[in-house]
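Descriptive structure summary
Below are the chains, spelled out letter by letter.
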Amino acid sequence: MRMVDLIEKKRDGHELTKEEIRFAIEGYTKGTIPDYQMSALAMAIFFQDMTTVERAELTTAMVESGDQIDLSAIEGIKVDKHSTGGVGDKTTIALAPLVAAVGVPVAKMSGRGLGHTGGTIDKLEAIPGFSVEIDTEQFVNLVNKNKLAVVGQTGNLTPADKKLYSLRDVTATVNSIPLIASSIMSKKLASGADAIVLDVKTGRGAFMKELEQSKELAESMVAIGKSLGRDTMAIISDMNQPLGFTVGNALEVKEAIEMLRGEGPDDLRELCLTLGSQMVYLAKQANSIEEARRKLEEVISNGKALEVLKVFIASQNGDPSVVDHPENLPKAKYELEVKAEQTGVVSAIIADKIGTAAMVLGAGRATKDSEIDLAVGIVLNKKIGDSVQVGDSIATLHANDEHVEHVSKMVKDAYSFTDQHVAKPTLIYDVIH
Ligand code: URA
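This part takes up the overall build of the chain. When you go through the chain residue by residue, the secondary structure sums to 17 helices and 13 strands. Each principal axis of the C-alpha distribution contributes one length, and for the chain these read about 70 × 50 × 40 Å. The proportion of buried residues among the 433 residues of the chain is 55%. Within the chain, contacts between residues at least 6 apart in sequence are counted, and of these 77% link residues at least 24 apart.

Rendered as structure tokens:
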């Protein structure tokens, strides 16, 4: 087989066989196929698309390029959740103990990552003492005992995806549905869950800005998951403004705890209940979505979800007192108000700009080696649809530097106002089975 023939075949719009896809991915991972040929194939896929069968074969080839996690020693149906990423997305921190409290085993492997704030692991590390450095045996034992454990990414998972994703980044081929869907699904499948719930974000702060595109991506990932024998579903949720009120690691942990106490922001609660119901249902811990939702509401109101969170934190060497005393989380030195310069109704908050402002405060990594300041971030005091008077605080900066006028300006620039009534944005656009 020759790579040039595969490139030509895809360029001309034909379907690649399983053997051809494997040849390309194996060769590229080993280094026998050079970057320039893989770039050409990625560009051909970008223009000619892939069939569902090709997408599943590409996913499988990437899964098999590296280690695969075996979770079979964990009892029950393991359900994983994945979000395509957004600003203020602390869902996992609230959702994992929430569904675990209903009996769903959550064996979560998570990353740090670049971006506006840290990833789930960085956020959890805002809890004093919390450690994700646990070995596989401990990880399995903790999930069997507490129904919940989170471990940092270990092993050599999907090296083909790592290499291909970096190549796509510099060859203008990231934005291709078959390539994105297979990239995300390969990582989920290699992590070993039996079932997968996907939260595909849509809107100005999301990777996918248009609803139609987001739906197409969600449908493609669900089709890949199902054709490879994993129960998979997706929701499409809004990212036209940040989720909840907080953006920043410790601030987001605090908000997740509040949600589990039944006090958090409505959008975070609704998203957790929607995703959680699907997880509980896929894990066969309820006979219907409605029953699953009732069970989740019950563990919030009777305090069981908070208890699971405390046990989870203590089992991974963290200080569980943060659950009842969030003031024990890292706290920034200064709280600086960003004041409205006009009267009106908030019509838009560009999530990306708020995320970048949080990163400039130090909440996220600009490069792989940057240090995160876990205490800093932004609290939004006004969201879309809220009325504002001149001089009202629209946001509070939690900073360790007093001179952050440039960040105040970024936050102000993210907000738009109108003198008309503005409806609250839809949170869940669609559910895809
Ligand atoms: N996230 C991924 O993991 N892969 C992509 O291709 C795009 C977003």
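Right, picking up where we left off after that structure.
A few words on the site of the ligand. For the ligand, the full set of nearby residues is Tyr-165, Arg-168, Ile-180, Ser-183, Ile-184, Lys-187 and Phe-207. Contact distances for the ligand include 2.9 Å between an oxygen atom and a side-chain N or O atom of Arg-168. When the free accessible area of the ligand is taken as 240 Å², the share hidden by the protein chains comes to 87%. Looking at the shell around the ligand element by element, the count peaks at 4 residues for helix H9 (residues 177-190).

Tallied over the entire structure, the rule returns 3 aromatic pairs. Consider the rings of Phe-130 and Phe-312, whose centres lie 5.4 Å apart with planes at 65°: the pair is edge-to-face. Taken together, the residues span a long stretch of sequence, with Phe-130 in the loop between helix H6 (120-124) and helix H7 (136-146) and Phe-312 in helix H14 (residues 304-315) at a distance of 182 residues. On the basis of relative accessible area, Phe-130 is assigned to the buried category, the value being 6%. Taking 6.1 Å as the distance between ring centres and 15° as the angle between the ring planes, the aromatic pair formed by Tyr-415 and Phe-417 counts as stacked. You can call Tyr-415 buried: its relative accessible area is 5%. Sitting above the plane of the Tyr-28 ring, Lys-163 keeps its charged end 4.5 Å from the centroid.

Structurally, the position occupied by Glu-64 is in the loop between helix H4 (52-63) and strand E1 (79-83). Residues Glu-64 and Glu-26, spaced 38 residues apart in sequence, show a C-alpha to C-alpha distance of 8.9 Å.

Criteria and cut-off values
- Residues numbered from 1 in each chain as written.
- Predicted model: local features only at pLDDT ≥ 70, side-chain atom pairs only at ≥ 80, totals over all residues.
- Heavy atoms only, no water.
- Helix = DSSP H or I, 4+ residues; strand = E, 2+ residues; numbered from the N terminus.
- Buried < 20%, exposed > 50% of the residue type's maximum accessible area, 1.4 Å probe, protein only.
- Contact = heavy atoms within 4.5 Å.
- Near = heavy atom within 4 Å.
- Polar contact = N/O pair within 3.5 Å; in protein donor to acceptor, adjacent residues only side chain to side chain.
- Areas by Shrake-Rupley, 256 points an atom, 1.4 Å probe, with all protein chains shown as cover.
- Phe/Tyr/Trp six-rings, centres within 6.5 Å; stacked < 30°, edge-to-face > 60°.
- Lys NZ or Arg CZ within 6 Å of the ring centre and 35° of its normal.

Just geometry here; none of it tells us what the structure is for.
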